[in-house]
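Coordinate inspection notes
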Amino acid sequence: MSDALPAVHEQYQVATQQLAADRLGLWVFLASEAMLFGAVFFSLAVYHYIHPAAMHAATDQLDLSMGAVGTAVLLSSSTTMALAVKAAGEGRRWETLVALIGTVVLGLAFEAIKVHDWFDEFGKGLYPPAGPPFPLPQPAARLFFHLYFVSTGLHAVHLAVGILLVAGLVIMQVSGRLTLPERMVTVEMVGLYWQFVDIVWIFLYPTLYLVSR
Amino acid sequence: MTAEAKALPSKSYLEDGYTLSSWFFSTDHKRIAILYFVSITLFFFVGGAAATLIRLELLSPTGLFLSNDAYNRLFTIHGVVMVWFFLIPSIPNTFGNFLIPIMIGAKDLAFPKLNLASWWIFVLAGCFVIAALLIGGVDTGWTFYAPFSTMFSNGYVVPAVIGVFIAGFSTILTGLNFIVTIHKLRAPGMTWFRLPLFVWAIYATSLVMVLATPVLATTLMLIFAERVLGLGFFDPKLGGDPVLYQHLFWFYSHPAVYIMVLPAMAVMSELMSAFCKRRVFGYKVVAYSSLAIAGLGFLVWGHHMFVAGESVYAGLVFSLLSFSIAVPSAIKVFNWTATMRKGYVSLDAPMLFALGFIGLFVIGGLSGLFVAATGLDVHLTRTYFVIAHFHFIMVGGTVSCYFGALHFWWPKMTGRMYPEMLGRGTALMIFFGFILTFMPQFILGWLGMPRRYHLYPPEFQVLNVLSSAGASILAVAYTLPLIYLGWSLFYGKRAGANPWGAAGLEWLIPSPPPRENFETVPVVTWEAYPYPLKPQPVERKETP
Ligand SMILES: [Cu+2]
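Conventions adopted
- Residues numbered from 1 in each chain as written.
- Chains lettered and ligands numbered in written order.
- Predicted model: local features only at pLDDT ≥ 70, side-chain atom pairs only at ≥ 80, totals over all residues.
- Heavy atoms only, no water.
- Helix = DSSP H or I, 4+ residues; strand = E, 2+ residues; numbered from the N terminus.
- Rg over C-alpha atoms; globule rule 2.2 N^0.38 Å.
- Buried < 20%, exposed > 50% of the residue type's maximum accessible area, 1.4 Å probe, protein only.
- Contact = heavy atoms within 4.5 Å.
- Lys, Arg positive; Asp, Glu negative; His and termini not counted.
- Charge placed at Lys NZ, Arg CZ, Asp CG, Glu CD.
- Donors = N, O, S within 2.8 Å, 3.2 Å for Na, K, Ca; no water.
- 1 Å grid on protein atoms, 1.4 Å probe; cavity = no way out; pocket = protein on both sides within 12 Å on 5 of 7 lines; lining within 4 Å.
- Points joined across faces, edges and corners; volume = space filled by probe spheres on them.
- Nonpolar A, V, L, I, M, F, W, Y, C, P; charged D, E, K, R; others polar.
- Phe/Tyr/Trp six-rings, centres within 6.5 Å; stacked < 30°, edge-to-face > 60°.
- Lys NZ or Arg CZ within 6 Å of the ring centre and 35° of its normal.
- Salt bridge = Lys/Arg side-chain N within 4 Å of Asp/Glu carboxyl O.
- Buried area = accessible area lost by both parts, 1.4 Å probe.
- Polar contact = N/O pair within 3.5 Å; in protein donor to acceptor, adjacent residues only side chain to side chain.
- Core = buried A, V, L, I, M, F, W, Y, C linked by side-chain atoms within 4.5 Å.
- Expected span 1.5 Å × (residues − 1).

1. Looking at the overall build of chain B
Helix and strand content of chain B: 16 helices and zero strands. Its C-alpha atoms give chain B a radius of gyration of 23 Å, within 12% of the compact-globule value 24 Å for 544 residues. Considered along the principal axes of its C-alpha atoms, chain B spans approximately 70 × 45 × 45 Å. Among the 544 residues that make up chain B, the fraction classed as buried is 61%. Considering only intrachain contacts with a sequence separation of at least 6, the fraction spanning at least 24 residues in chain B is 83%. Across chain B, the centroid of the 32 positively charged side chains sits 7 Å from that of the 23 negatively charged ones.

Given below as structure tokens:
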């Protein structure tokens, strides 16, 4: 395996050491990212607890079915990404390419659903700072929607970065710069990031759509 | 020690290119350390200039030359610059960057390009903050408390917040780099419990950097969203909750205190062992207490909010946890002190800084117990007592150690010795100047003088003048090293590989070190701090 790895930088003695460092680096990065989202999650959790009635009223305004469809789409993209990593590790180049393209398409579909949701909610007056008047009387319901827009927005930005990364892999592979299975670690790293962004949604979806329904 | 780590005759890292781009785009951890050193020195004097103006203004009960608004902007810029652009990067990004790879027997950090990127990110962040300062400043205080910062402040909050936000990524990337390096790049034989305690403490710091800083990023993002987009998280008028801001901010900012002080503790272990020629007493306990401080540091943020509308029960728990964090800190102080027992103590400048640290840190730590007690804190919070408390920790503690580290590793970094007598004089001036500056502030706070006002009742003038007199000593003492260290770069005595007769891999390689640190990767067969050193060229007496 070790002769099939990319060139070793001078600070490493062997390729496996470099690989282990790359992997650990990404995990540490994801731990940091988890704390970034953690702040929003805990705020939401606390206000679910302090203002259950307002949170219930606010949650009811969200389109549950669109949320469910989005979740399904995103979970499917997790599957295709996992398939891409597996195929890349085994050097099956065509399958990798198809799975990566599928991931990009599903990621874009999720973003489209989310943008549609936002426009829909804006139209109903659920974006408190602008648009039609906010329909609910409770102040905490406004807070819910402020946190809703910031958390889904932050997630969408992360997903957009993921889509760009996977699209980059597609371009690299089409132009022949992604030699497999030698550069499998690159696919693996992007895959890990992608799964992280999906897991964030797996927590966001119930926190926003289900808990107070 | 063994021959694997012997000196080698290759070019030093300072001779590895003389162009500007060979510095600004170098991926050598030692050069990046120097880049950080130069940039944070600039920020130190910006923040220091603000402090000087504050102490001048406070000479008179009616103020000398500033409006209320200008005074608010002055202490804000002092806080923002000193916290995020000096204290947080101070020891980790200069000495950590320079020393961690060498101490563990590696040729560089795990991700050298990321290291360079983090410096550039830091510079970009600094540009935003300096721009905010130049176009008119910020008047919120370094804490950016909402809803003042989001709805009412007429200062330039947005550029300042963006600057701090960007600086956070520099911190996160540095922490990430250190964690991976310490895990994966240790030389053969360099087990976890053979690591110098410096590395342990920087490791603990890095954990806090990586896990706390993103929460600051989120918090600043919310300020931005509220101020610019009108999304109300903190302003009650928009449905927000101002207490939420304080929870989020202190969830970061209390651990950030340990980002600032754990590296000072890292330096302490090295200084005490090197100048007592003894292994640090209770090595493992000191190592674990670094991790304990890092962990407990995440659980005590509520002690900043005893009067902010937090529940009594929450206050009790936060108070208890805050008391408990004093335990690992005290363990460290006792162990450093015990290291001196039966040691060959030499009072060179770095050791004087280290002893100064113990004195100032103990006062700062004990006064921390005062403000951790809920009942007492109601009286003391938002007074000069709190100002004195945290300056004792962060300036008395961290800045003393920063200067101790600077003198200790100066010969290693530059290959030159500094003038010893001037170094000792500076150490003494910093210690006594510091006491004179901040002791009166404890009394002022106890008597009820609130922080962040430039007008005060005339009966407080004597203590304020004493404090300003101390600050003038500090101003001289902090400027002196700039002059004599600068002088020593050209005229200082050449330093050998190990001018202090100290243990540690960094002292086995030439001063200044070659580009690749070690010609061949060292194989470590000895424990940390193997005093008395046997094959060292420095003469020393045998242990009785
Ligand atoms: Cu605190």
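2. Here's the deal with the coordination of the copper ion
All names here are of chain B. Donor atoms from the polypeptide that bind the copper ion are His254 (ND1), His303 (NE2) and His304 (NE2), placed at 1.8 to 2.0 Å. In terms of primary sequence, the donors binding the copper ion are separated according to H-x48-H-H. Of this pair, His254 sits in helix α8 (residues 242-276) while His303 sits in the loop between α9 (283-296) and α10 (312-324), placing them 49 residues apart in sequence. Given the relative accessible area of 6%, His254 is considered buried. The class for His303 is buried, based on a relative accessible area of 15%.

3. Overview of empty space enclosed by the protein
Residues and elements named next belong to chain B. Scanning the entire structure with this criterion turns up seven cavities of 30 Å³ or more. Of the volumes computed, that of the largest cavity is approximately 100 Å³. If you go around the largest cavity, you meet 13 residues; those closest to its centre are Arg194, Pro196, Gly504, Ala528 and Tyr529. In terms of residue class, the lining of the largest cavity is made up of nine nonpolar, one polar and three charged.

4. What to know about the packing of aromatic side chains
Residues and elements named next belong to chain B. Across all of its chains, the model carries 71 aromatic pairs over all chains by this definition. Measuring from centroid to centroid gives 5.8 Å for Phe24 and Trp119, while their planes differ by 10°, and the two rings are stacked. Separated by 95 residues along the polypeptide, Phe24 in helix α1 (residues 20-24) and Trp119 in helix α4 (residues 112-134) bring together distant segments of the chain. A residue is classified by how much of its surface remains accessible, and Phe24, at 31% relative accessible area, is partly exposed. For Arg31, the ring lying beneath its charged end belongs to Trp23, and the centroid distance is 4.1 Å. Above the ring of Phe193, the side-chain terminus of Lys284 is found at 4.4 Å from the ring centroid.

5. Overview of the pattern of salt bridges
One pass over the structure, following the stated rule, counts 15 salt bridges over all chains. One salt bridge in this structure joins B:Arg515 and A:Glu10, with 3.8 Å as the shortest N-O distance. Highlighted residues: B:Arg515 in the segment after α16 (461-491) and A:Glu10 in the segment before α1 (15-50), drawn from two different chains. Among the ionic pairs, A:Glu90 bridges to A:Lys86, the shortest N-O distance being 2.9 Å.

6. Regarding the interface of chain A and chain B
The accessible area lost on association of the parts is a frequent measure of interface size. Each partner contributes residues to the interface: chain A has 29 residues there, and chain B has 36 residues. For the chain A face of the interface with chain B, the top three residues by lost area are A:Gln11, A:Met35 and A:His146, together amounting to 20%. Remark: the boundary between chain A and chain B carries eight residue pairs in polar contact (both at pLDDT 80 or more). When residues of the side of chain A that touches chain B are assigned to their parent elements, the largest contribution, 16 residues, is made by α1(A).

7. A look at the nonpolar core
The biggest cluster of nonpolar side chains holds 250 residues, and the ones touching the most others in it are B:Trp84, B:Phe95, B:Phe144, B:Phe198 and B:Trp409. Those residues within four positions of B:Trp84 in sequence are excluded, and the remaining contacts are B:Pro89, B:Phe122, B:Trp142, B:Phe144, B:Val164, B:Leu216, B:Phe249 and B:Tyr252.

8. A closer look at helix α3 (residues 64-89) of chain A
The end-to-end C-alpha separation of α3(A) is 38 Å, in line with the 38 Å expected for 26 residues at 1.5 Å each. Downstream of α3(A) by a residue or two, A:Gly91 has a phi angle that is positive, lying close to 75°.

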